[in-house]
Amino acid sequence: QQQQQQQQEEQKRQQQQQQQEQQQQQGGERALSSASCSAYVDCAWLAGPDCCPTVTGVQLDCCNSASTGSSTEPTSPSPQPPALQSLPPSPPSSLPPSPSPTSSPSSSPTSSPPSASPSPRSPRMPPSSARTSSASKDDLLGGKPIGGETPAFEANTHPLILSSLWGSVDAAPRPTNAWWQNLVLDDGEQVVAPLPYVLRAKDDGLHVSLPLPHETVVTQEVINTAFWSQVSLGGVSLPATRAIAAHDPLSATIEWRDAAGTSKPDTSKPDAKTDGAKQPEGGMHPDSAPAMSAWLVRGMPYVSAHYSNLAFELSFASSPVESIDGQSPPLKLSKKRFTIALATGQRWRVYLDSDVQVSATASSLSSSDKYSGVLRVAAVVDAKQLSAAKGQAQALEPEGGGDGGDGGDGGDGDNGGGDGADGGDFSAEDLLDAHASCVVTGGSVGAHAVDGGRGVIRFKWRTLGESACAPLLYSMSHHADVISGVEKTRLAVRTLKGVMTAVVGESWSLTEVLPSIEWHAPRPIAKGKAEEIRQALKEEAQKPVIAIDPYGAGKELAAIGRLVLIADEIGEDDLAKQLRSRLADLLSPWLSGANVDPLRYDETFGGVVSANGIANPGADFGGGYYNDHHFHYGYMIYAAAVVCKGDHAWMTKWADAVLNLVRDIANPSDSDPLYPQMRHKDWFVGHSWASGLFPLASGRNQESVSEAINAWYAVSLFGVATSDARLRDLGRMLLATELRAALTYWQIDDESKIYPAPFADNRIAAVIWDTKVDHSTWFGSNTEFIFGIEIMPVTPITELLLRPSWVESARDKWSTAIAEAGDQWRAFLIMAEGVLDPEAAWTKAASLAVYDAGNSKTNTLYWLPTRG
């Protein structure tokens, strides 16, 4: 009887497991279980609390590990991503204009949400030692390279001539898309924006502007901030040669020096080198050659420079000096701290290491003798003074104005900070004084995955001197919901990207929920829709690949990848196998350099470029000059991940070649000899930069944030397909931060406070720059272009981008274009409508006859009935 009872229980258990697996095959539904993925660290990234016993959970041994108590018992389900505030959209990102709208879009698409777990019909590949990263999976940045030291492609030298401005960046791999890139391009005089200041480096010194709201042009089509050289840091007989002296993920140091001489690190102080820094930046020897070095640091409240045997000079070109500590120029004084008031009402606080004899006129201030030490200037923004005294209309009003609360210090004037109407005894000047001796010279970025499907990014700031100090820095709007480890202050400033709030802390922690969506939509196809999807899939099985450039071909290859995954999910096993085999055959020539426009390894900068692109900066959308690489290669990596998911032999042969594409756009290692660390990603602003080696008057830019999202989604999927946990989580971290930035700076809904009217009425930004935001794309201002380029490509991950609240708030904008738009663009608008009304969108989709190269009828029909 006991044996019979055990057999019955075993049969019951097997039946239950078969039912659960069948549910997955038919609808992709998660199998319910009392075990939580968060119970075991290696399984926390799965589809929330219901991963056991799904097929993937069983294959990864998550269920056994959880049930045997190999780690702490779960106390609650895995957390879901917090609601993110949606803000205005971003302007165009790529350099050369995209192709004509009559053809398939040439900007970058976003991705649509994949399903929570791999399809049971396409089993997960077993772990491969060759695919396992050398660093711990929790150490997402730094460590050893994720691939081999031999490029997969033929080597070329780049035709761009490097000037002396590159300085210490004297060998490959070199940054090509850094926020400070303008410092080394052309004459190096175009703007860079460490925020909140916008800067220009010239032969006569460092020119500083804090863009004032009343000087900002705001129209329906653009927000454009003016650059006024409000103060410049220079020197009497300043050396004529300037160059980059050092850089790290959070800073760049630029130095003016004689060609024959150089300032030297102060070896009497401890080595301040930290992970991610190219070289240490400490104090400078007072007996070194005459020089001036400026530390350009993300979020800096002070503009800081070190002088060595050089008389300093501050110049005020845009407005005369009214007074210095209440005294009118001309005058002489000997102080280490003083306040300069300009005729515009703007005030600048100046800090020196010791009392220095200075001479002042209405246009400049200079030291009487040579100076060796640090000089700092900081804008002291008193909102009431600026607006009331000058009677200037406010184009941008500080958030929280009037109460001196968290959004700033009240008032109704320019920029924010200062003494608010109800701000009590808070003084921006006192706060700046209190932290002026803590000089930040750079910083490092670290990232790791933690239990519960979360990831933590850490900014560790490097400061000058032996003693520890508490640096004061401005944080951005998108940091507010995720930052910890800092003390928030009441000092705030209004910028193009919203209000920045000053915080105090040597190390910042930014905690993100890592997206768990993988290959398929997180819900099954609605009843009654599968057969039409199946029919469309069969019709498109021979979808052509025509383009020969990396971007166009990448989109077409990724579109076939979507067909493979949909075939996997609906049980078309034979067709899925055929499509996967065809996709593998189409990808292989790109990875071997045997295609028409072959990929090459550029030894000058360290990167993968196309033969046509490196020969002609206008070819292949500027890809040869590192424009839009994450858009281009993101599509190819997505396609490769799909093949690897179901073809272990192909993965074994080609994974290293694919990793070269991954390393080109998302190399996590600072010791990789072939590729720069994180070519595109700007961890401080959260999003990526696309514009490569093109000097631009408005700074760096990115257009299609959705295509950037697609790139990081593809990196994570390639990690999943190759059983590389570190690469998977790196992609998810890149994805989480890009999504947060997209919802904050590209999308505009009723809660957005980043952009003012009338621009905010657009509900979307097309291109985001350092100093402006465009509503038009690179290739036109049609509504369908603007929304389409910020939606494409549609994949399962698009679910996290197309929030119903934003789609609804923008309905009156995108819905008007559905009737007139060409089908390839209209499809994206219909897919957006599907978030709100899947049935109505399904009906409209029936009339579509043409699709974008990165989309298809099958993909469109799959997206709509998986909206829930």
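This text gives an overview of the structure that appears in the document. (Residues numbered from 1 in each chain as written. Predicted model: local features only at pLDDT ≥ 70, side-chain atom pairs only at ≥ 80, totals over all residues. Heavy atoms only, no water.)

Comments concerning the sheet that holds strand β25 (residues 607-610)
Turning to step 1, where the next piece is worked out: Within the open sheet, the 3 strands sit side by side as β1-β24-β25. Their pairing is mixed. Both outer strands of the open sheet, β1 (154-156) and β25, are each paired with one neighbouring strand and no more. Averaged over all pairs of adjacent strands, the angle between their axes in this sheet comes to 45 degrees, without regard to strand direction.
Turning to step 2, where the next piece is worked out: Two elements, β1 and strand β24 (residues 599-602), share 3 bridges in a ladder whose sense is parallel. Across the sheet, the residue bridging to Asn 156 is Asp 602, located in β24. (Pairing = 2+ DSSP bridges. Helix = DSSP H or I, 4+ residues; strand = E, 2+ residues; numbered from the N terminus. Axes fitted to C-alpha atoms, helices over the stretch in contact; angles between N-to-C directions.)

A closer look at helix α10 (residues 629-646)
One turn of the α-helix equals 3.6 residues, which is why residues spaced by three or four share an orientation.
Turning to step 1, where the next piece is worked out: Helix length check: α10 (18 residues) gives 26 Å between terminal C-alpha atoms against 26 Å at 1.5 Å per residue, within 8%.
Turning to step 2, where the next piece is worked out: The buried fraction of α10 is high, at 17 of 18 residues. (Expected span 1.5 Å × (residues − 1). Buried < 20%, exposed > 50% of the residue type's maximum accessible area, 1.4 Å probe, protein only.)

Remarks on helix α8 (residues 573-592)
Turning to step 1, where the next piece is worked out: The end-to-end C-alpha distance of α8, which contains 20 residues, comes to 28 Å, matching closely the 28 Å that a straight helix rising 1.5 Å per residue would cover.
Turning to step 2, where the next piece is worked out: Of all the residues in α8, the buried ones are Leu 575, Ala 576, Leu 579, Arg 580, Arg 582, Leu 583, Ala 584, Leu 587, Ser 588, Trp 590 and Leu 591.
Turning to step 3, where the next piece is worked out: Tucked into the core, α8 has its buried residues touching α6 (530-539), α7 (550-570), β24, α10 and α11 (648-666).
Turning to step 4, where the next piece is worked out: Count one or two residues on from α8 and you reach Gly 593, which has phi positive near 75 degrees. (Contact = heavy atoms within 4.5 Å.)

Things to note about the packing of α10 against α11
Turning to step 1, where the next piece is worked out: Closest axis-to-axis distance for the α10/α11 pair is 10 Å, and the angle between their directions is 160 degrees. In terms of their interaxial angle, α10 and α11 are classed as roughly antiparallel. For the pair α10 and α11, the crossing hand works out as left-handed. Here His 629, His 630, Tyr 633, Gly 634, Met 636, Ile 637, Ala 640, Val 643, Cys 644 and Gly 646 of α10 lie close against α11, whose contacting residues are His 648, Trp 650, Met 651, Val 658, Leu 661, Val 662, Asp 664 and Ile 665.
Turning to step 2, where the next piece is worked out: Among the residues making up the contact of α10 with α11, the classes are represented as 12 nonpolar, 5 polar and 1 charged. (Parallel < 35°, antiparallel > 145°, perpendicular 65-115°, else oblique. Left-handed = near helix turned anticlockwise from the far one by under 90°. Nonpolar A, V, L, I, M, F, W, Y, C, P; charged D, E, K, R; others polar.)

Describing the pairing of strand β22 (residues 498-504)
Turning to step 1, where the next piece is worked out: Counting buried positions over the 7 residues of β22 gives 7, a clear majority of the element.
Turning to step 2, where the next piece is worked out: As judged from the 4 bridges shared by strand β19 (residues 472-475) and β22, these two strands associate in the antiparallel manner. Pairing of Leu 472 across the sheet is with Val 504, part of β22.
Turning to step 3, where the next piece is worked out: Sheet analysis places strand β21 (residues 487-495) next to β22, joined by 6 bridges and oriented antiparallel. Looking at the pairing, Glu 487 lines up with Val 504 of β22.
Turning to step 4, where the next piece is worked out: Here β21 folds back onto β22 in antiparallel fashion, the turn holding 2 residues.

Here we look at unusual backbone geometry
Turning to step 1, where the next piece is worked out: Along the chain, Leu 195 connects to Pro 196 via a cis peptide bond; the corresponding omega equals 5 degrees.
Turning to step 2, where the next piece is worked out: Mapped onto the secondary structure, Pro 196 falls in the loop between β1 and β2 (198-202).
Turning to step 3, where the next piece is worked out: With an omega dihedral of 5 degrees, the bond running from Ala 757 to Pro 758 counts as a cis peptide bond.
Turning to step 4, where the next piece is worked out: Mapped onto the elements, Pro 758 comes out in the loop between α13 (725-746) and β27 (767-769).
Turning to step 5, where the next piece is worked out: Although it is not a glycine, Phe 621 adopts a positive phi angle of roughly 55 degrees.

Overview of the sheet that holds β19
Turning to step 1, where the next piece is worked out: Ordered in space as β19-β22-β21, the 3 strands form an open sheet in which the pairing is antiparallel. Edge positions in the open sheet fall to β19 and β21, since each of these has one partner strand only. Strand-to-strand, the axes of this sheet are offset by a mean angle of 30 degrees, without reference to chain direction.
Turning to step 2, where the next piece is worked out: Together, β19, β21 and β22 form the strand contacts of helix α5 (residues 428-435), whose direction differs from that of β21 by roughly 115 degrees.

Concerning the packing of helix α12 (residues 705-721) against α13
Helices that pack against each other are described as a pair by the angle of their axes relative to one another and the distance between those axes.
Turning to step 1, where the next piece is worked out: Direction vectors running N to C along α12 and α13 enclose 165 degrees, while the axes themselves pass 7 Å from each other. When the axes of α12 and α13 are compared, the pair comes out roughly antiparallel. As for the relative orientation of α12 and α13, their crossing is left-handed in sense. In contact with Val 705, Ala 708, Ile 709, Trp 712, Tyr 713, Val 715, Ser 716, Phe 718, Gly 719 and Val 720 of α12, α13 contributes Leu 727, Arg 728, Gly 731, Arg 732, Leu 734, Leu 735, Glu 738, Leu 739, Ala 742 and Trp 746.
Turning to step 2, where the next piece is worked out: Across the contact of α12 with α13, the residue classes break down as 14 nonpolar, 3 polar and 3 charged.

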